[in-house]
Each structure stands twice: as structure tokens, then as C-alpha cells.
Amino acid sequence: MNRLQLSIPSDQLFPPRTAFMARADLSETRLLGYQPLNQDAVTTTLSGLLNGRPTVRHRSGVTAAILQTYERAGLHVDEDLHAYDTADEADALAHRLIAMGYRLTAPYPTAEGRFPETAMLVPNDLWRSLNDKTNLPQIVPEGHLMARQIVALADVPALAIDGPVWIKAAGGHATGWGFAVRYCADSDARAKAAKDFAAMGGVTHVIVEADAAADHCWCASIVVRDDDTLFAGFAEQDFASPGHQAGSVIDPEHPFPAEGQTLAIAVGNAARAMGFRGLAGLDIGLARDGRLIVFDPNFRFNSSSAQAMLHGSASLRVGLPASRSCQITSPLPMATLIDRTIPAIDAGWFVPTRLLDASLLPAAAGNSMVTGFVLGHDLADTKDRAARFEAMLLA
């Protein structure tokens, strides 16, 4: 299988002397709904995107069989790999890299005192400031935000509002997948949203945002470098319900607008001026009135990053222009799962971006993961292929 090429080369995604250390703290990811499994599973992402730099990854995602499967799929992995089994081992490896002069890139803030702030590519305070939705007016050009107000959570049920709104957690919390977002069509929905946010803990204020009635919303991937910001690709968000993402698709019938690329780069340049460097994503929707609206900042890598950056090469290789993300958890042994993915990998219509062997990670409770994206002639074709692929891995 021909090797896949990234939209932006690996050595451009982060500054030199940057090491990947993604193991998350549950205290910092409660508004993502993270469980112990996710703490380590997140370290097994971005395979093939981090070549030439040190990575700290849980052993369950980097077995010889898994790495060979990536290579068979054309996803070349050439990292300075540091595999761990326990949380203490992970942090010890990270401290060793810090002592060697590396800075760490992490998708979420780290618990206070875990690592020196000077050792983080994006210090916690900067991360929280950029990912706090209340601060979007500081980095988004005028005209690309919906009308919004910041209110105390306790005041939400009494708000006098006409029409539907979106309510989002305010503050520098790690959020995603719509876990801390609620679409509210009426006062009853707003009251329920207030109760939901109160139960999450730590949310004192929320953003109440006018509904854009967007028909399409994309995550635009960008790479913020010392001197510029590069557009790295896009994936359209696929929603299971309003605001709650089920995955990502790339639909040739609905490409990300060229002016959206200009907007994403402008936001990236504003973040660059504040000190941010690295891979990020911005949720940008096309409002019913024709405006491009920035909904959420994601100054970290995103679940769609690999799909966005690999889709062009994968599509060209097999002549299939559409793609759809997929993630399957299965009780079958990883060796069996790999065997069952091989026909789709060899045919070129499935690209694995994360394989996790549950036998090496107790928190996985016996369910291994197969994550990646399927390609097809159109979205309907990708949906059919994804369903068949999932059935094959669960049978």
C-alpha cells in the first residue's frame, strides 16, 4: 500500500524539541466525560502525525502488531517512542524528557504541580484563556460571532429570551463532543440545562448564544507556527443530536468554504500573538444568513485532526472522495480485529488512526478499540461501508 502523506509535514506541526505527552488528569477533563480508560487511550492518538519526535504512549496502542498494521495501511510511524504501563511510569518518562530539554505538548491542562509550567509548550494559563469560549471576541474577527451574553448559572432559569439558544459552559475547562453544551428551544429546556451544568461541578457561569440555524459546521484544522498559521484541512461535524457530535465526515458536496480558511488562519494568528504554538481546530459553521460563525475554540488536537490531514492522500490513492470517521469497541482479541480489518485496509477504503489492545489496558474492561475513517463514493456509501465494517468487527 502506498504511503499516506499528511497535508502538513510532521516536522511542521510542533516546534523543535517538543515531546508528545497526552496522558490526561481526570480532574481536568470532567467536562469531557472522561473515564480512566480515556486517560490512557488519548495517548494512542495521532500515530503517523508525530514522526521524528519523542512520544509517551500507553503500551496498549503501540504493540508490534499494531505498528505493523499502520505500516500496511500506508501510515508510516517513526517516533522516538516511550511506552508505559502505569501513570507513574508515564510521568517519569515525561520528566526524563523535560530534563533533556524538551517541552511537552498535551491536549488538556495538567494538574497543578504535575509538570513545571516552563516545560509545557502551551502553559496552563494560556491554554485556559484560549479555550475559554468567553474570550472568543479577543481572537475572532468582528462579524463572525453570534450574539451572546455571559450569565451566572443560577440566573439561567429566569432569563427572558425569545427563540432558541445554545447554552455553553464558560471558563477555561476542557470541553468537547458537546458534553458541556445544550440546545434550548424554550424555558423548560433552559431550566433543565441549568440543572445539568450544576451537576457537572465547577461551572459557575455560562454563555447564552443566539441560534445560528447552521446547516453545516466544520472543524477547521490549523497549525500555528512561529511566523505564520497554516490551514491543515477540515472535517464536517456529524451530530447525533443538536450540539452532540457523533463523529466527522468529509463530504465533497459540502466542502469547507475558502473564506473559512482565511477566517481560521486569522484566528490562529491572533492566538499566535498570545504565545500559542502547535496543532489546533476551530468549530466554524455556516449560519442561515450566510455568515461564517466561530462557535468553539479547540486549541489542542481534535478527534478529527488525523482524518482532516490524511483524507486528501487517502482519497487520491483509491479514488473515493468522501470519508466518515468510525470507532468500534469490541470484545474480540486484537489479533482477530486486525485480521478482520486487513481486507478493508488492503482495498484502501479504511484507514486506521488508533488501535488499542484491551488485553494490555485493564481500564478497557476487555474491549479493544479500532478507530479510523472509511472512504466511499459519497456520504451514503461511507455510511453503508461503516455499518458493514462495524458489524464485521463485532460478529
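Our structure's up above, just so we're on the same page.
This write-up is about the structure you can find in this document. All chains use their own residue numbering, which begins from 1 and follows the written sequence. Local features in this predicted model are restricted to residues of pLDDT 70 or higher, and side-chain atom pairs are both shown and tallied only at a pLDDT of 80 or more, whereas totals for entire chains, interfaces and linings draw on every residue. As a rule here, side-chain values come from all non-hydrogen atoms in the structure, and water together with hydrogens is ignored.

This part takes up the pattern of salt bridges. By definition, a salt bridge exists where a carboxyl oxygen of Asp or Glu is found within 4 Å of a side-chain nitrogen of Lys or Arg. Per the counting criterion, the structure on display carries 21 salt bridges. Ionic pairing is found between Asp91 and Arg114, a salt bridge with its closest N-O pair at 2.9 Å. Taken together, the residues span a long stretch of sequence, with Asp91 in helix α3 (residues 87–99) and Arg114 in the loop between β4 (103–105) and α4 (124–131) at a distance of 23 residues. The rule is simple: take the accessible area with a 1.4 Å probe, protein chains only, and divide by the maximum for that residue type; under 20% is buried, over 50% is exposed, in between is partly exposed. Residue classification places Arg114 among the buried positions, given a relative accessible area of 11%. Asp228 is the partner of Arg225 in a salt bridge, and the nearest nitrogen-oxygen pair spans 2.8 Å. Within the structure, one salt-bridge network assembled from shared partners comprises Lys133, Arg148, Lys168, Glu209 and Asp296. Segments assigned H or I by DSSP are reported as helices when at least four residues long, segments assigned E as strands when at least two residues long, and all are numbered from the N terminus.

Turning next to the packing of aromatic side chains. Pairing of aromatic rings covers Phe, Tyr and Trp, the last through its six-membered ring, and needs centres within 6.5 Å; plane angles under 30 degrees mean stacked, over 60 mean edge-to-face, and all others mean tilted. Inspection of the entire model under this criterion finds nine aromatic pairs. Relative to Phe301, the ring of Phe20 has its centre 6.0 Å away and its plane inclined at 45°; by these criteria the two rings are tilted. Residue Phe20 is located in strand β1 (residues 18–21), and its partner Phe301 is located in the loop between β13 (292–298) and α8 (305–318); the two are separated by 281 residues in the primary sequence. The residues Phe20 and Phe301 share a single accessibility class, namely buried. On the basis of an interplanar angle of 10° and a centroid distance of 5.8 Å, the ring pair of Phe231 and Phe256 is categorised as stacked. Of the two residues, Phe231 sits in strand β10 (residues 229–241) while Phe256 sits in the loop between β11 (244–250) and α7 (258–274), which places them 25 residues apart along the sequence. Any Lys NZ or Arg CZ that is within 6 Å of a ring centre and within 35 degrees of that ring's normal is treated as a charge sitting over the ring. Over the ring of Trp349 we find Arg388, and its NZ or CZ is 6.0 Å from the ring centre.

Once that is clear, we can look at the pairing of strand β16 (residues 368–376). Counting buried residues along β16, nine of its nine residues qualify, which places the element largely inside the surrounding structure. When DSSP finds two or more bridges between a pair of strands, those strands are recorded as paired. The pairing of strand β14 (residues 322–330) with β16 spans nine bridges and is classified as antiparallel. Its bridge partner lying in β16, Ser330 is registered against Ser368. When strand β15 (residues 350–356) meets β16, the two strands line up antiparallel, connected through six bridges. Within the sheet, the bridge partner assigned to Leu355 lies in β16 and is Val370.

A positive phi is found at Ala213, a non-glycine position, where the angle reads about 50°. Take Ala213: it is sitting in the loop between β8 (205–210) and β9 (216–224). A relative accessible area of 24% means that Ala213 is categorised as partly exposed. One non-glycine residue, Ala365, lies in positive phi territory at about 50°. If you trace the backbone, Ala365 turns up in the loop between β15 and β16.

Locating His254 in the fold gives a position in the loop between β11 and α7. Taking relative accessible area as the criterion, His254 reaches 33% and is therefore assigned partly exposed.

Moving on, we come to the environment of Arg148. When you line up the elements, Arg148 lands in strand β5 (residues 148–152). Taking relative accessible area as the criterion, Arg148 reaches 21% and is therefore assigned partly exposed. In this structure the C-alpha to C-alpha distance between Arg148 and Ile167, which are 19 residues apart in sequence, comes to 9.6 Å. Note on contacts: a residue pair qualifies if any of its non-hydrogen atoms lie within 4.5 Å across the two residues. Residue contacts for Arg148: discarding those within four places in its chain leaves Lys133, Thr134, Leu136, Pro137, Ile207, Val208 and Glu209. Within the structure, Arg148 has its side chain in polar contact with the backbone oxygen of Lys133 (distance 2.7 Å). As used in this structure description, the phrase polar contact means that two N or O atoms lie within 3.5 Å; if the pair is within protein, one of them must be able to donate a hydrogen and the other to accept it, and residues adjacent in sequence are counted only when both atoms belong to side chains.

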